Amino acid sequence: MKIGILLVPYFLSAFAFCVPVTAFGQTNYTPYTFITFAGSPGIYASNNGVASAASFNHPGGVAVDVSNNVYVADQNNHQIRKITPDGTVTIIAGSTSASGGFVDGTNTVARFVNPSGVTVDSAGNLFVADLNNHVIRKISPQGTNWVTTTIAGNGSSGGADGTNKVARFSWPHDVVVDSAGNIFVADQGLNGGYTIRKITPVGTNWVVTTIAGQAGVRGTADGTNNTALFFDPESVTVDMNGNLFVGDACAVRELVPVGTNWVVTTIAGSATNYGTVDGTNGAAMFYSIHGLETDGAGNVFVTDTIGQLIRKVAPVGTNWVVTTLAGQPGMHGTNNGAGSAAQFYWPCSVAIDIFGNLYVADSGNSTIRKGFPFAITNQPVTQSAPIGTNATLAVSLFGSGPFTYQWFFGGVAMSNQNNAALILNSVQRTNSGSYSVVVTGADTNDVVTSSNAVLRVLVAPVMLSPQILNGGTVRLQFQDSDGGVPFDLNSLEVQWRTNLPNGMDAVWQSLTSGFYLSNGIVVIDDTNTINLPSCFYRVVEH
């Protein structure tokens, strides 16, 4: 699910047998608007702070609790971090060192080695896939402290089931906890991995069993329990019905509990064919799935890591339809924005809050991104309107509200202008200027600002008496009919010709001389008329 720079060989090896296809690029988006929530792109450190003042080092997993606190497995810092809803980042467990360690304890006394997956239960306990220690850790809040213990595994890799430290894991990449407190692990590594494990709380013990796949056996077969095989299981999530979803290389697999069995099917993509095409079921393609999350509607959100995309897999009847929410296929970057305007660099994991916001560990950028479940799809349009007429500026949105709107004129909030459309009746010269709107979602921290649109109120220009200067130059002077100066001199054009023909007129020529203002009057000097017996002029405002 979460791959940091140190771990690149693992996921590259997982794709050694993938078959490339010419199926890249997206044309249709169901856009989310992404911002940088915490961290600063390209700054690899472990500073605490607010928003961009904080720093991470290739963050892996993310999880969100019921209070909208975000927890981050800061993989190459060997730490677990907490981000409050206002963007304040702190270290709650682990300590930065060159190679980490394997120590239980309180707060920064605890040690991890490249923790890659994190999940949180309803009581606020965290569970961590401690990747290179081959163990599953629990971090419990006790007052203002966080106490880390090892619940399964002992630091040696393997695939053995058992209780507590008798069990073995092989580079466990991801964990998720269900409503009953059971923990599920995507056990990816070569030495006993390629399986999905379940950790059941029994009294004070934790019992580990393998529910799907065969330890150390790689494959793509669907089936029940150990007849199913996995190719590169790096992420796991659970829905409200107890169904599991696994990101298996380039495919999304579903594990449905049927009695005491688990039935595995591939619902989208193909484990060994990669691409970035949206579509239904197997027609869709992923480049590499390292993070999954579900919402209350049964949708599965995907970080397509090497594809540099955030995707969505939605149930439609018995089918699963894949769409792209944000990013550009194969193009990494740091840009915030909606849909394809946003860019990522190895997005490794995804979590969702109660408002439907997505949080993405953007590992290559060492930032945490936040995606609002809405976007401005049609911006207000720059336009002109004759004086005394009505003008309308408006935005349209993707997503469901409720939304609030606040229109601005020249950067100043307009009173009582709180709708998607701004209607200006009988516009006057004073209405000319720049307009924008700020849209706020159900989470009042989710704010999107439109682009600026310029309204030009057109007032008919009036030509004043021309002057003949020494040498024959004609000086033209004009102003608006109400005595003012045109809003935008760049929109004006003065044209000339030597006679006025009957019928259609197609040979007016534009003067190339520049305008200037003199005592509130627009002036332009024309030298084309020297030695001409007559000349005619007109002013055009575009």
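Structure: above.
Rules behind the numbers
Residues numbered from 1 in each chain as written. Predicted model: local features only at pLDDT ≥ 70, side-chain atom pairs only at ≥ 80, totals over all residues. Heavy atoms only, no water. Helix = DSSP H or I, 4+ residues; strand = E, 2+ residues; numbered from the N terminus. Rg over C-alpha atoms; globule rule 2.2 N^0.38 Å. Buried < 20%, exposed > 50% of the residue type's maximum accessible area, 1.4 Å probe, protein only. Areas by Shrake-Rupley, 256 points an atom, 1.4 Å probe, with all protein chains shown as cover. Lys, Arg positive; Asp, Glu negative; His and termini not counted. Charge placed at Lys NZ, Arg CZ, Asp CG, Glu CD. 1 Å grid on protein atoms, 1.4 Å probe; cavity = no way out; pocket = protein on both sides within 12 Å on 5 of 7 lines; lining within 4 Å. Points joined across faces, edges and corners; volume = space filled by probe spheres on them. Nonpolar A, V, L, I, M, F, W, Y, C, P; charged D, E, K, R; others polar. Pairing = 2+ DSSP bridges. Salt bridge = Lys/Arg side-chain N within 4 Å of Asp/Glu carboxyl O. Phe/Tyr/Trp six-rings, centres within 6.5 Å; stacked < 30°, edge-to-face > 60°. Lys NZ or Arg CZ within 6 Å of the ring centre and 35° of its normal. Contact = heavy atoms within 4.5 Å. Polar contact = N/O pair within 3.5 Å; in protein donor to acceptor, adjacent residues only side chain to side chain.

Trainee: Any chance you could explain the overall build of the protein here in plain terms?
Mentor: The secondary structure content of the protein amounts to one helix and 50 strands. By the compact-globule yardstick of 24 Å for 542 residues, the protein is too spread out, its C-alpha radius of gyration being 31 Å. For the protein, the spread of C-alpha atoms along the three principal axes comes to 105 × 50 × 40 Å. In the protein, which comprises 542 residues, the proportion classed as buried is 52%. Summed over all atoms, the accessible surface of the protein reaches about 21200 Å², with 53% contributed by carbon and sulfur. Considering the protein, the positive charge centre built from 21 side chains and the negative charge centre built from 32 side chains are found 5 Å apart.

Trainee: Any chance you could explain the layout of surface pockets here in plain terms?
Mentor: A water-sized probe rolled over the atoms picks out the places where empty space is left. Here the largest pocket is characterised by a volume of approximately 1100 Å³. Around the largest pocket, the lining comprises 44 residues; the ones closest to its centre are Val120, Val177, Val238, Glu293 and Thr294. Only β4 (62–64), β9 (115–120), β14 (172–177), β19 (233–238), β25 (289–294) and β30 (347–352) provide two or more residues apiece to the lining of the largest pocket. Top contributing element to the lining of the largest pocket by residue count: β14, with four residues. Residues belonging to the lining of the largest pocket are distributed by class as follows: 24 nonpolar, eleven polar and nine charged. Empty space within the second largest pocket amounts to approximately 180 Å³. Every residue lining the second largest pocket is counted, 16 residues in all, and those nearest its centre are Phe355, Gly356, Pro373, Ser400 and Gly401.

Trainee: Please explain the pairing of strand β39 (residues 421–424) as it appears in this structure.
Mentor: A regular strand places its side chains on the two faces of the sheet in alternate fashion. The alternating pattern of β39 places Leu422 and Leu424 on a buried face, while none of Ala421 and Ile423, on the opposite face, is buried. Here four bridges tie strand β35 (residues 391–394) to β39, and the two strands are oriented antiparallel to one another. Across the sheet, Ala391 pairs through a bridge with Leu424, a residue of β39.

Trainee: I keep staring at the pattern of salt bridges and nothing clicks. Help me out?
Mentor: Opposite charge on two side chains permits pairing when their charged atoms draw close. Counted by the stated rule, this structure contains 13 salt bridges. One salt bridge in this structure joins Arg253 and Asp248, with 2.7 Å as the shortest N-O distance. Look at Arg253 and you get buried, because its relative accessible area is 1%. Where salt bridges share partners, they join Asp104, Asp130 and Arg137 into one cluster.

Trainee: Help me out: how do you make sense of the sheet that holds β9 in this one?
Mentor: Sheet strands pair via backbone hydrogen bonds, and the direction of the pair is either parallel or antiparallel. Within the open sheet, the five strands sit side by side as β8-β12-β11-β10-β9. Their pairing is antiparallel. Only two strands of the sheet have a single neighbouring strand rather than two, namely β8 (105–106) and β9.

Trainee: I tried to follow the packing of aromatic side chains on my own but got confused; where do I start?
Mentor: Any pair of aromatic rings gets described here by the distance separating the centres and the angle formed by the planes. Per the counting criterion, the structure on display carries 13 aromatic pairs. Ring centres 5.7 Å apart and planes at 70° place the aromatic pair Phe245 and Trp320 in the edge-to-face group. Here Trp320 lies in strand β28 (residues 319–327) and Phe245 lies in strand β20 (residues 244–248), a separation of 75 residues in the sequence. Each member of the pair, Phe245 as well as Trp320, carries the same accessibility label: buried. Between Tyr345 and Trp346 the ring centres are 5.9 Å apart and the planes differ by 55°, which places this aromatic pair in the tilted class. An aromatic cluster is present here, built from Phe372, Phe374 and Phe403 joined pairwise through their rings. Cation over ring: Arg137 sits above Phe112, and NZ or CZ is 4.7 Å from the ring centre. Over the aromatic face of Phe231 sits the side chain of Arg218, whose NZ or CZ is 4.4 Å from the ring centroid.

Trainee: Would you explain the sheet that holds strand β13 (residues 162–163) in this entry?
Mentor: Judged by pairing direction, the sheet is antiparallel, and its five strands sit side by side in the order β13-β17-β16-β15-β14 without closing on themselves. Since the sheet does not close on itself, it has two edges, and those belong to β13 and β14, each with one partner. The pairing of β14 with strand β15 (residues 183–187) spans five bridges and is antiparallel. Following the sheet pairing, Val176 is matched in β15 by Phe184.

Trainee: When you look at the side chain of Ser450 in this model, what are you seeing that I'm missing?
Mentor: Within the element layout of this structure, Ser450 appears in the loop between β41 (447–449) and β42 (453–458). The residues contacting Ser450, other than those within four sequence positions of it, are Ile376, Gln379, Pro380, Val395, Ser436 and Val437.

Trainee: Which parts of the structure should I look at to understand the side chain of Ser349?
Mentor: Its location among the elements puts Ser349 in strand β30. At a separation of 2.5 Å, a polar atom in the side chain of Ser349 contacts the main-chain carbonyl oxygen of Gly60.

Trainee: Explanation requested: the environment of Leu424 in the structure shown.
Mentor: The residue Leu424 is located in strand β39 in this model. Judged by relative accessible area, Leu424 falls into the buried class, the value being 9%. Counting along the chain gives 34 residues from Leu424 to Asn390, while the straight-line C-alpha distance between them is 5.6 Å. Setting aside its immediate chain neighbours within four residues, Leu424 contacts Thr389, Asn390, Ala391, Met414, Tyr435 and Leu455.

Trainee: Explanation requested: the environment of Thr149 in the structure shown.
Mentor: Its place among the elements puts Thr149 in strand β12 (residues 145–152). Placed 315 residues apart in sequence, Thr149 and Leu464 show a C-alpha to C-alpha distance of 87 Å. Residue contacts for Thr149: discarding those within four places in its chain leaves Asp104, Ile136, Arg137 and Lys138.

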